[in-house]
Amino acid sequence: MKPHLIVFAVLITAFIAYNFFFQMEDDRTNTAVNIILASVLFGYIAFMAYALLKKMKK
């Protein structure tokens, strides 16, 4: 489970770094990139929950 948490920490760091330092000038593009990054984060949370439930079942 530790590698999953490390990847999750890297994804959160990338999301925060983008929002503080690398924002796009165009609002529509910036919103689209934020939605994509947030979707990846929530998808990875779902994957971690699935992996944990699968591990608990064994």
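As a reminder, the structure under discussion sits directly above these lines.
Residues numbered from 1 in each chain as written. Predicted model: local features only at pLDDT ≥ 70, side-chain atom pairs only at ≥ 80, totals over all residues. Heavy atoms only, no water.

(A) Representation of the overall build of the protein in the model. Per the secondary structure count, the protein includes two helices and zero strands. At 14 Å, the protein has a C-alpha radius of gyration far larger than the 10 Å of a compact globule built from 58 residues. Overall, the C-alpha framework of the protein stretches about 50 × 20 × 10 Å when taken along its three principal axes. Put simply, the protein has 58 residues, and 10% of those count as buried. Total accessible area on the protein stands at roughly 4,800 Å², and carbon and sulfur atoms take up 74% of it. (Helix = DSSP H or I, 4+ residues; strand = E, 2+ residues; numbered from the N terminus. Rg over C-alpha atoms; globule rule 2.2 N^0.38 Å. Buried < 20%, exposed > 50% of the residue type's maximum accessible area, 1.4 Å probe, protein only. Areas by Shrake-Rupley, 256 points an atom, 1.4 Å probe, with all protein chains shown as cover.)

(B) Helix 2 (residues 27-57), seen in detail. Taking 1.5 Å per residue, 31 residues should reach 45 Å; helix 2 reaches 45 Å between its end C-alpha atoms and fits that length. Looking at the buried positions of helix 2, the neighbouring elements they touch are helix 1 (2-21). (Expected span 1.5 Å × (residues − 1). Contact = heavy atoms within 4.5 Å.)

(C) Representation of the packing of aromatic side chains. Evaluation of the coordinates by the stated rule reveals three aromatic pairs. Between F20 and F21, the ring centres sit 6.3 Å apart and the planes meet at 55 degrees, which makes this aromatic pair tilted. When the ring of F21 is compared with that of F22, the centres are 6.4 Å apart and the planes differ by 70 degrees; the resulting orientation is edge-to-face. Here F21 and F22 have matching classes, each one exposed. Within the aromatic cluster, the residues linked to one another by ring pairs are F20, F21 and F22. (Phe/Tyr/Trp six-rings, centres within 6.5 Å; stacked < 30°, edge-to-face > 60°.)

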